Amino acid sequence: MTLLEQLTELECSLHNVRRKDGEWLEKILHHEFREITRSGVWVSRTETIEALTHEDATTLIQSSDFQLISLKENVALLHYRTSSPDGSRRALRTSCWICGDDGQWQLRFHQGTPEADGA
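The next point concerns the packing of aromatic side chains. Aromatic ring pairs are described here by two measures, namely the spacing of the ring centres and the angle between the planes. Applying the stated rule across the entire model yields two aromatic pairs. Between the aromatic rings of Phe66 and Tyr80, the centroid separation amounts to 4.7 Å while the plane-to-plane angle is 15°, which identifies the pairing as stacked. One end of the pair, Phe66, is in strand β3 (residues 62–72); the other, Tyr80, is in strand β4 (residues 75–83), with 14 residues separating them in the sequence. Note on Tyr80: relative accessible area 3%, which makes it buried.

This is the structure in structure tokens:
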């Protein structure tokens, strides 16, 4: 499996029912994880885990156009697009993944930005 495939799979695990699994989130989110949400709010790791594990319903997220930028052997940026199944709530997303000494990739930073009309 290529690094792009591996990180895409990890990223997409956060787009389905696994996002409500607190144990999985504790493992996959780096201890210093931070996020800038699609609505422009800074969120901590604790706030993210709390919000995701208490979602009423799992939001369906469609993801596409994954691109990988390898910054170092153990640091990579993943860029991609998301939308709701009906094509609404389109966003451009970037995630920074770090590979620990144990070989486990963890999400260190994530940002979602609404995609401009016609982009």
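Still to come is the rest of the account.
Further remarks concern the side chain of Arg19. Note on placement: Arg19 falls in the loop between α1 (3–13) and α2 (22–28). Judged by its relative accessible area of 11%, Arg19 is buried. Here Leu14 takes part through its backbone oxygen, which lies 2.7 Å from a polar atom of the side chain of Arg19.

Turning our attention to helix α3 (residues 45–53). Within α3, the full set of buried residues consists of Arg45, Thr48, Ile49 and Leu52. Take α3 and look down its axis: the buried residues cluster within an arc of 95°, on one side only.

Reading the values: rules and limits
- Residues numbered from 1 in each chain as written.
- Predicted model: local features only at pLDDT ≥ 70, side-chain atom pairs only at ≥ 80, totals over all residues.
- Heavy atoms only, no water.
- Phe/Tyr/Trp six-rings, centres within 6.5 Å; stacked < 30°, edge-to-face > 60°.
- Helix = DSSP H or I, 4+ residues; strand = E, 2+ residues; numbered from the N terminus.
- Buried < 20%, exposed > 50% of the residue type's maximum accessible area, 1.4 Å probe, protein only.
- Polar contact = N/O pair within 3.5 Å; in protein donor to acceptor, adjacent residues only side chain to side chain.
- Arc of directions from axis to C-beta.

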